[in-house]
Amino acid sequence: MATRVVQHVSEELPSRYVLPEQHRHGGIPAGEAMPEPLPVVDIGRLPATDEASKLRVALESWGLFLATNHGIEVSLLDALMDGAREFFHQPLETRHKFSNLVDGTPRHKGYGCLLSQDQTIDWFDRVHLAIHPEDERDLSSWPHFFRDAMLEYAGKSKKTRDRVLRAMATLLELEEDHFVSKFTDRAITFAAVNYYPPCPAPDRVFGFRPHSDGRLITFLLADKDIGGLQVRKDGRWFNVPTIPGSLLVFVGDSLEIMSNGAFKAAVHRVVTNPVKDRISVAMFFGVDGDTVLEPAPALLDETRPARYRKMRTKEYIQGILELYGRYERMIETMKI
Ligand SMILES: O=C(O)CCC(=O)C(=O)O
Ligand SMILES: [Fe+2]
(Lines give C-alpha, C1' and ligand atoms only; values in the text may rest on other atoms or scores of the structure.)
(Ligands and ions follow the chains in the order given, each with its own letter.)
Protein backbone atom coordinates (compact mmCIF):
# COMPACT_ATOMS: atom_id res chain seq x y z
CA MET A 1 0.00 0.00 0.00
CA ALA A 2 1.44 3.33 -0.94
CA THR A 3 0.61 6.82 -1.92
CA ARG A 4 0.61 7.03 -5.66
CA VAL A 5 2.64 9.09 -8.02
CA VAL A 6 0.26 10.32 -10.64
CA GLN A 7 2.42 11.96 -13.27
CA HIS A 8 2.15 9.16 -15.82
CA VAL A 9 0.86 11.13 -18.74
CA SER A 10 3.60 10.39 -21.20
CA GLU A 11 4.38 6.96 -19.81
CA GLU A 12 3.07 3.47 -20.45
CA LEU A 13 -0.03 2.86 -18.34
CA PRO A 14 1.17 1.17 -15.13
CA SER A 15 -0.45 -2.26 -14.77
CA ARG A 16 -1.93 -1.44 -11.34
CA TYR A 17 -4.43 0.84 -13.03
CA VAL A 18 -5.44 -1.43 -15.91
CA LEU A 19 -8.94 -2.77 -15.43
CA PRO A 20 -9.64 -6.47 -15.73
CA GLU A 21 -11.52 -7.06 -19.03
CA GLN A 22 -14.88 -7.75 -17.37
CA HIS A 23 -14.89 -4.36 -15.64
CA ARG A 24 -14.00 -2.22 -18.63
CA HIS A 25 -16.51 0.27 -19.88
CA GLY A 26 -16.84 -1.18 -23.37
CA GLY A 27 -14.04 0.98 -24.74
CA ILE A 28 -16.36 3.98 -24.94
CA PRO A 29 -16.03 6.04 -21.79
CA ALA A 30 -18.14 8.82 -23.30
CA GLY A 31 -21.56 8.78 -21.62
CA GLU A 32 -24.82 9.83 -23.23
CA ALA A 33 -26.56 13.17 -22.80
CA MET A 34 -29.37 12.97 -20.25
CA PRO A 35 -32.79 12.23 -21.73
CA GLU A 36 -34.29 15.02 -19.61
CA PRO A 37 -32.48 17.82 -17.78
CA LEU A 38 -31.08 16.96 -14.36
CA PRO A 39 -33.42 18.57 -11.79
CA VAL A 40 -32.16 21.91 -10.48
CA VAL A 41 -33.46 22.68 -6.99
CA ASP A 42 -33.44 26.21 -5.59
CA ILE A 43 -32.60 25.43 -1.98
CA GLY A 44 -33.64 28.87 -0.78
CA ARG A 45 -37.20 28.21 -1.97
CA LEU A 46 -37.63 24.90 -0.11
CA PRO A 47 -40.07 23.80 1.21
CA ALA A 48 -42.24 25.58 -1.41
CA THR A 49 -44.34 22.86 -2.99
CA ASP A 50 -43.24 23.32 -6.60
CA GLU A 51 -39.59 23.23 -5.53
CA ALA A 52 -40.23 20.19 -3.33
CA SER A 53 -41.83 18.37 -6.23
CA LYS A 54 -38.67 18.89 -8.30
CA LEU A 55 -36.76 17.46 -5.38
CA ARG A 56 -39.06 14.44 -5.30
CA VAL A 57 -38.52 13.73 -8.99
CA ALA A 58 -34.77 13.95 -8.50
CA LEU A 59 -34.71 11.65 -5.49
CA GLU A 60 -36.95 9.04 -7.04
CA SER A 61 -35.27 8.94 -10.42
CA TRP A 62 -31.63 10.04 -10.51
CA GLY A 63 -30.80 10.10 -6.80
CA LEU A 64 -29.03 13.30 -7.74
CA PHE A 65 -29.77 16.97 -8.33
CA LEU A 66 -28.13 20.32 -8.82
CA ALA A 67 -28.57 22.67 -5.87
CA THR A 68 -28.62 26.41 -6.56
CA ASN A 69 -29.20 29.28 -4.13
CA HIS A 70 -27.69 27.05 -1.45
CA GLY A 71 -26.51 29.88 0.78
CA ILE A 72 -22.76 29.32 0.34
CA GLU A 73 -20.88 32.12 -1.41
CA VAL A 74 -19.51 31.22 -4.81
CA SER A 75 -16.27 33.01 -3.91
CA LEU A 76 -15.77 30.49 -1.08
CA LEU A 77 -16.40 27.54 -3.40
CA ASP A 78 -13.93 28.99 -5.90
CA ALA A 79 -11.33 29.51 -3.18
CA LEU A 80 -11.72 25.88 -2.11
CA MET A 81 -11.31 24.58 -5.67
CA ASP A 82 -8.34 26.88 -6.31
CA GLY A 83 -6.65 25.73 -3.11
CA ALA A 84 -7.27 22.10 -4.03
CA ARG A 85 -5.75 22.61 -7.46
CA GLU A 86 -2.75 24.36 -5.95
CA PHE A 87 -2.17 21.41 -3.61
CA PHE A 88 -2.26 18.83 -6.40
CA HIS A 89 0.08 20.91 -8.53
CA GLN A 90 2.74 20.82 -5.82
CA PRO A 91 5.73 18.53 -6.26
CA LEU A 92 5.22 15.04 -4.90
CA GLU A 93 7.57 15.78 -2.03
CA THR A 94 5.27 18.55 -0.78
CA ARG A 95 2.12 16.47 -1.23
CA HIS A 96 3.72 13.60 0.68
CA LYS A 97 4.04 15.75 3.77
CA PHE A 98 0.27 15.18 4.11
CA SER A 99 0.45 11.44 3.43
CA ASN A 100 -2.03 9.02 4.96
CA LEU A 101 0.83 6.68 5.82
CA VAL A 102 1.99 6.43 9.40
CA ASP A 103 5.00 4.12 9.71
CA GLY A 104 4.03 2.63 6.36
CA THR A 105 0.45 1.90 7.39
CA PRO A 106 -2.34 3.88 5.75
CA ARG A 107 -4.88 5.68 7.91
CA HIS A 108 -8.26 6.80 6.76
CA LYS A 109 -7.15 10.43 6.79
CA GLY A 110 -4.59 12.21 4.64
CA TYR A 111 -3.20 12.05 1.11
CA GLY A 112 -3.08 8.68 -0.61
CA CYS A 113 -5.21 5.77 -1.67
CA LEU A 114 -6.97 3.13 0.34
CA LEU A 115 -6.76 0.05 -1.82
CA SER A 116 -3.97 -2.44 -1.32
CA GLN A 117 -1.20 -3.08 -3.87
CA ASP A 118 -2.80 -6.24 -5.23
CA GLN A 119 -6.00 -4.50 -6.31
CA THR A 120 -6.50 -2.47 -9.42
CA ILE A 121 -6.65 1.17 -8.47
CA ASP A 122 -8.51 4.03 -10.01
CA TRP A 123 -6.83 6.93 -11.79
CA PHE A 124 -7.23 9.52 -9.10
CA ASP A 125 -5.54 10.88 -6.05
CA ARG A 126 -7.34 12.13 -3.00
CA VAL A 127 -6.94 13.84 0.30
CA HIS A 128 -9.38 12.48 2.84
CA LEU A 129 -10.25 14.71 5.81
CA ALA A 130 -12.28 14.00 8.93
CA ILE A 131 -14.62 16.96 9.37
CA HIS A 132 -16.84 15.71 12.18
CA PRO A 133 -16.74 14.75 15.09
CA GLU A 134 -14.71 17.85 15.80
CA ASP A 135 -12.25 16.07 18.06
CA GLU A 136 -11.22 13.89 15.08
CA ARG A 137 -10.52 16.86 12.86
CA ASP A 138 -6.79 17.16 13.27
CA LEU A 139 -6.59 20.52 11.49
CA SER A 140 -2.82 20.71 11.73
CA SER A 141 -2.56 17.83 9.25
CA TRP A 142 -4.80 19.46 6.62
CA PRO A 143 -2.97 20.91 3.61
CA HIS A 144 -2.77 24.64 4.25
CA PHE A 145 -3.50 25.28 0.55
CA PHE A 146 -7.22 24.80 1.20
CA ARG A 147 -7.53 24.46 4.98
CA ASP A 148 -9.30 27.73 5.76
CA ALA A 149 -11.68 27.48 2.83
CA MET A 150 -12.52 23.87 3.71
CA LEU A 151 -13.21 24.75 7.32
CA GLU A 152 -15.52 27.58 6.37
CA TYR A 153 -17.24 25.44 3.75
CA ALA A 154 -17.73 22.60 6.26
CA GLY A 155 -19.52 24.97 8.64
CA LYS A 156 -21.73 26.58 6.00
CA SER A 157 -22.61 23.36 4.19
CA LYS A 158 -24.17 21.96 7.37
CA LYS A 159 -26.97 24.50 7.16
CA THR A 160 -27.63 23.56 3.56
CA ARG A 161 -27.55 19.87 4.46
CA ASP A 162 -30.18 20.38 7.16
CA ARG A 163 -32.43 22.37 4.90
CA VAL A 164 -32.28 19.67 2.22
CA LEU A 165 -32.81 16.82 4.68
CA ARG A 166 -35.79 18.55 6.28
CA ALA A 167 -37.42 18.86 2.87
CA MET A 168 -36.64 15.19 2.20
CA ALA A 169 -38.23 14.06 5.48
CA THR A 170 -41.32 16.13 4.70
CA LEU A 171 -41.61 14.47 1.28
CA LEU A 172 -41.73 11.11 3.06
CA GLU A 173 -44.30 12.44 5.55
CA LEU A 174 -41.85 11.87 8.38
CA GLU A 175 -41.23 14.38 11.18
CA GLU A 176 -39.38 17.29 9.65
CA ASP A 177 -36.33 16.63 11.84
CA HIS A 178 -36.32 12.87 11.31
CA PHE A 179 -32.97 12.84 9.47
CA VAL A 180 -31.46 15.99 10.94
CA SER A 181 -31.88 14.67 14.49
CA LYS A 182 -29.55 11.80 13.61
CA PHE A 183 -26.60 14.18 13.32
CA THR A 184 -25.45 13.75 16.91
CA ASP A 185 -22.16 15.08 18.20
CA ARG A 186 -20.57 11.75 17.12
CA ALA A 187 -22.02 11.82 13.59
CA ILE A 188 -19.41 11.31 10.90
CA THR A 189 -18.63 13.73 8.10
CA PHE A 190 -15.68 13.21 5.78
CA ALA A 191 -14.47 15.39 2.95
CA ALA A 192 -12.53 14.13 -0.05
CA VAL A 193 -10.53 16.34 -2.35
CA ASN A 194 -10.16 14.37 -5.57
CA TYR A 195 -7.67 14.86 -8.37
CA TYR A 196 -7.77 13.13 -11.76
CA PRO A 197 -4.61 13.67 -13.79
CA PRO A 198 -4.81 13.43 -17.58
CA CYS A 199 -4.70 9.74 -18.49
CA PRO A 200 -2.98 8.19 -21.53
CA ALA A 201 -5.57 5.39 -21.87
CA PRO A 202 -9.03 6.47 -20.67
CA ASP A 203 -10.61 3.33 -22.14
CA ARG A 204 -8.61 1.00 -19.90
CA VAL A 205 -8.98 2.68 -16.49
CA PHE A 206 -11.60 4.31 -14.36
CA GLY A 207 -11.06 7.74 -12.89
CA PHE A 208 -13.38 6.49 -10.17
CA ARG A 209 -15.07 3.12 -10.58
CA PRO A 210 -18.88 2.79 -10.42
CA HIS A 211 -20.13 3.15 -6.85
CA SER A 212 -22.73 4.83 -4.70
CA ASP A 213 -21.69 6.84 -1.66
CA GLY A 214 -22.34 5.07 1.64
CA ARG A 215 -23.54 7.86 3.89
CA LEU A 216 -26.79 9.88 3.84
CA ILE A 217 -26.03 12.59 1.35
CA THR A 218 -23.00 13.89 -0.49
CA PHE A 219 -22.38 17.43 -1.66
CA LEU A 220 -20.06 17.50 -4.64
CA LEU A 221 -18.29 20.50 -6.03
CA ALA A 222 -17.30 19.47 -9.52
CA ASP A 223 -14.72 21.03 -11.80
CA LYS A 224 -16.52 23.59 -13.92
CA ASP A 225 -14.05 23.29 -16.80
CA ILE A 226 -13.89 19.58 -17.35
CA GLY A 227 -16.50 16.81 -17.24
CA GLY A 228 -16.08 13.11 -16.61
CA LEU A 229 -18.69 12.42 -13.93
CA GLN A 230 -21.43 10.05 -15.09
CA VAL A 231 -24.54 8.66 -13.41
CA ARG A 232 -26.25 5.35 -14.16
CA LYS A 233 -29.93 5.00 -14.87
CA ASP A 234 -31.67 1.93 -16.27
CA GLY A 235 -28.30 0.39 -17.09
CA ARG A 236 -27.05 3.38 -19.14
CA TRP A 237 -24.44 5.99 -18.28
CA PHE A 238 -25.25 9.68 -18.59
CA ASN A 239 -22.94 12.67 -18.38
CA VAL A 240 -23.67 14.82 -15.37
CA PRO A 241 -23.85 18.54 -16.15
CA THR A 242 -22.62 21.25 -13.81
CA ILE A 243 -23.77 24.81 -13.28
CA PRO A 244 -20.99 27.11 -12.04
CA GLY A 245 -21.57 27.97 -8.39
CA SER A 246 -23.99 25.09 -7.82
CA LEU A 247 -23.53 21.92 -5.78
CA LEU A 248 -24.37 18.41 -6.89
CA VAL A 249 -26.30 16.57 -4.18
CA PHE A 250 -26.23 12.76 -4.19
CA VAL A 251 -28.46 10.38 -2.26
CA GLY A 252 -26.22 7.88 -0.47
CA ASP A 253 -26.92 4.28 0.53
CA SER A 254 -27.82 5.18 4.14
CA LEU A 255 -30.62 7.46 2.96
CA GLU A 256 -31.86 4.87 0.46
CA ILE A 257 -32.14 2.38 3.33
CA MET A 258 -33.74 4.85 5.78
CA SER A 259 -36.29 5.88 3.14
CA ASN A 260 -37.02 2.17 2.53
CA GLY A 261 -36.03 2.60 -1.09
CA ALA A 262 -38.25 5.64 -1.83
CA PHE A 263 -35.08 7.60 -2.59
CA LYS A 264 -32.46 5.96 -4.78
CA ALA A 265 -28.73 6.17 -4.12
CA ALA A 266 -27.03 7.49 -7.25
CA VAL A 267 -24.60 5.05 -8.88
CA HIS A 268 -21.89 7.15 -10.41
CA ARG A 269 -18.39 6.92 -11.88
CA VAL A 270 -15.73 9.19 -13.30
CA VAL A 271 -14.00 8.65 -16.63
CA THR A 272 -10.68 10.25 -17.43
CA ASN A 273 -9.41 12.12 -20.44
CA PRO A 274 -5.94 12.40 -21.99
CA VAL A 275 -5.77 16.19 -22.04
CA LYS A 276 -6.79 17.95 -18.85
CA ASP A 277 -6.70 17.30 -15.14
CA ARG A 278 -9.89 17.48 -13.10
CA ILE A 279 -10.70 18.36 -9.47
CA SER A 280 -13.68 17.63 -7.29
CA VAL A 281 -14.48 18.13 -3.62
CA ALA A 282 -16.95 15.79 -1.94
CA MET A 283 -18.50 16.19 1.50
CA PHE A 284 -20.06 13.00 2.86
CA PHE A 285 -22.60 13.52 5.65
CA GLY A 286 -23.26 10.43 7.71
CA VAL A 287 -24.53 9.25 11.06
CA ASP A 288 -22.59 7.93 14.02
CA GLY A 289 -20.91 4.52 13.49
CA ASP A 290 -23.10 2.91 16.15
CA THR A 291 -26.39 4.07 14.64
CA VAL A 292 -28.33 1.18 13.16
CA LEU A 293 -29.19 1.73 9.52
CA GLU A 294 -32.76 0.64 8.93
CA PRO A 295 -35.91 1.82 7.17
CA ALA A 296 -37.70 4.48 9.25
CA PRO A 297 -40.31 2.52 11.28
CA ALA A 298 -42.98 5.14 10.42
CA LEU A 299 -42.66 4.12 6.76
CA LEU A 300 -43.51 0.47 7.42
CA ASP A 301 -46.80 -1.37 7.83
CA GLU A 302 -48.34 -4.64 6.56
CA THR A 303 -48.58 -3.33 3.04
CA ARG A 304 -45.14 -1.70 3.09
CA PRO A 305 -42.65 -4.19 4.50
CA ALA A 306 -39.00 -3.36 5.11
CA ARG A 307 -37.02 -3.76 1.90
CA TYR A 308 -33.61 -3.66 3.58
CA ARG A 309 -32.22 -5.48 6.58
CA LYS A 310 -30.66 -3.65 9.51
CA MET A 311 -26.98 -3.14 10.14
CA ARG A 312 -24.82 -0.88 12.27
CA THR A 313 -23.33 1.95 10.22
CA LYS A 314 -19.74 1.07 11.02
CA GLU A 315 -20.21 -2.50 9.77
CA TYR A 316 -22.02 -1.23 6.71
CA ILE A 317 -19.18 1.14 5.80
CA GLN A 318 -16.61 -1.60 6.41
CA GLY A 319 -18.62 -3.81 4.05
CA ILE A 320 -18.54 -1.11 1.36
CA LEU A 321 -14.77 -0.89 1.56
CA GLU A 322 -14.39 -4.66 1.27
CA LEU A 323 -16.75 -5.01 -1.69
CA TYR A 324 -15.40 -1.93 -3.45
CA GLY A 325 -12.21 -3.77 -4.34
CA ARG A 326 -14.36 -6.42 -6.07
CA TYR A 327 -16.51 -3.85 -7.94
CA GLU A 328 -19.60 -4.83 -5.92
CA ARG A 329 -22.12 -2.75 -3.97
CA MET A 330 -22.86 -3.36 -0.30
CA ILE A 331 -26.46 -2.16 -0.58
CA GLU A 332 -27.26 -5.14 -2.81
CA THR A 333 -26.49 -7.43 0.15
CA MET A 334 -29.01 -5.52 2.30
CA LYS A 335 -32.05 -5.99 0.10
CA ILE A 336 -34.74 -8.34 1.42
O1 LIG B 1 -15.03 13.39 -8.85
C2 LIG B 1 -16.23 13.25 -8.94
O3 LIG B 1 -16.91 13.90 -9.72
C4 LIG B 1 -16.94 12.21 -8.09
C5 LIG B 1 -16.20 11.82 -6.86
C6 LIG B 1 -16.92 10.76 -6.09
O7 LIG B 1 -17.77 10.07 -6.59
C8 LIG B 1 -16.60 10.55 -4.66
O9 LIG B 1 -15.67 11.20 -4.13
O10 LIG B 1 -17.29 9.71 -4.04
FE1 LIG C 1 -18.97 9.12 -5.07
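Residues numbered from 1 in each chain as written. Chains lettered and ligands numbered in written order. Predicted model: local features only at pLDDT ≥ 70, side-chain atom pairs only at ≥ 80, totals over all residues. Heavy atoms only, no water.

*Asks:* Please provide a residue-by-residue account of the coordination of the iron ion (ligand 2), values included.
*Replies:* Taken together, the protein donors to the iron ion (ligand 2) comprise H211 (NE2), D213 (OD) and H268 (NE2), at separations of 2.1 to 2.2 Å. Each donor residue of the iron ion (ligand 2) belongs to the same chain, with the gaps between them written as H-x1-D-x54-H. One end of the pair, H211, is in strand β8 (residues 208–211); the other, H268, is in strand β13 (residues 268–270), with 57 residues separating them in the sequence. For the pair H211 and H268, a shared accessibility class is recorded, and that class is buried. (Donors = N, O, S within 2.8 Å, 3.2 Å for Na, K, Ca; no water. Helix = DSSP H or I, 4+ residues; strand = E, 2+ residues; numbered from the N terminus. Buried < 20%, exposed > 50% of the residue type's maximum accessible area, 1.4 Å probe, protein only.)

*Asks:* Can you explain the sheet that holds β8? Please cite residues and give values.
*Replies:* Taken together, 4 strands build an open sheet; the order of strands is β8-β13-β10-β11 and the sheet is antiparallel. Only two strands of the sheet have a single neighbouring strand rather than two, namely β8 and β11 (236–239). On average, each strand axis in the sheet is inclined to that of its neighbour by 25°, with strand direction left out of account. (Pairing = 2+ DSSP bridges. Axes fitted to C-alpha atoms, helices over the stretch in contact; angles between N-to-C directions.)

*Asks:* Residues and numbers for unusual backbone geometry, please.
*Replies:* Residue P47 follows L46 across a cis peptide bond; omega there is 5°. Take P47: it is sitting in the loop between β1 (40–42) and α1 (49–61). Of note, the bond from H132 into P133 is cis; its omega dihedral lies within 30 degrees of zero at 0°. Tracing the backbone shows P133 in the loop between β6 (125–132) and α4 (147–171). Of note in this structure, D138 is not a glycine but carries a positive phi near 55°. With respect to the helices and strands, D138 occurs in the loop between β6 and α4. Note on D138: relative accessible area 34%, which makes it partly exposed.

*Asks:* Go over the site of ligand 1 with me, naming the residues and quoting the values.
*Replies:* Within the structure, ligand 1 sits among 14 residues, and R126, Y196, H268, R278 and S280 are positioned closest to it. Between ligand 1 and the protein, one listed contact pairs an oxygen atom with a side-chain N or O atom of H211 at 3.1 Å. In the model, an oxygen atom of ligand 1 is placed 2.8 Å from a nitrogen or oxygen of the R278 side chain. For ligand 1, whose free accessible area comes to 300 Å², the fraction covered by protein is 98%. Taken atom by atom, the bulk of ligand 1 overlaps the largest cavity. (Near = heavy atom within 4 Å. Polar contact = N/O pair within 3.5 Å; in protein donor to acceptor, adjacent residues only side chain to side chain. Areas by Shrake-Rupley, 256 points an atom, 1.4 Å probe, with all protein chains shown as cover. 1 Å grid on protein atoms, 1.4 Å probe; cavity = no way out; pocket = protein on both sides within 12 Å on 5 of 7 lines; lining within 4 Å. Sits in = over half its atoms within 2 Å of the grid points.)

*Asks:* An account of the layout of surface pockets is needed here, citing residue identities and associated values.
*Replies:* In this structure, the second largest pocket encloses a volume near 340 Å³. Forming the boundary of the second largest pocket are 16 residues, of which H108, E136, I188, F190 and R215 lie nearest the centre. Elements that contribute at least two residues to the lining of the second largest pocket include exactly β6 and α6 (313–324). Sorting elements by how many residues they give to the lining of the second largest pocket places α6 first, with 5 residues. (Points joined across faces, edges and corners; volume = space filled by probe spheres on them.)

*Asks:* Please give an account of the packing of aromatic side chains that cites residues and values.
*Replies:* Going through the model one piece at a time under the given rule, you end up with 12 aromatic pairs. Geometrically, the ring pair formed by F88 and Y195 is stacked, given 4.8 Å between the ring centres and 5° between the ring planes. A residue pair is termed long-range when its members are at least 10 positions apart, and F88 in helix α2 (residues 74–88) and Y195 in strand β7 (residues 189–196) qualify at 107 residues. Between the aromatic rings of F208 and Y324, the centroid separation amounts to 6.3 Å while the plane-to-plane angle is 85°, which identifies the pairing as edge-to-face. Here the residue F208 occupies a position in strand β8, and Y324 occupies one in helix α6, the gap between them amounting to 116 residues. Each of the two residues, F208 as well as Y324, counts as buried. An aromatic cluster of three or more residues is present, and its members are F87, F88, F98, Y111, F145, F146 and Y195. Here R161 stacks its cationic end above the ring of F183, 3.7 Å away from the centre of that ring. Just above the ring of Y324 sits the side chain of R209; from NZ or CZ to the centre is 4.7 Å. (Phe/Tyr/Trp six-rings, centres within 6.5 Å; stacked < 30°, edge-to-face > 60°. Lys NZ or Arg CZ within 6 Å of the ring centre and 35° of its normal.)

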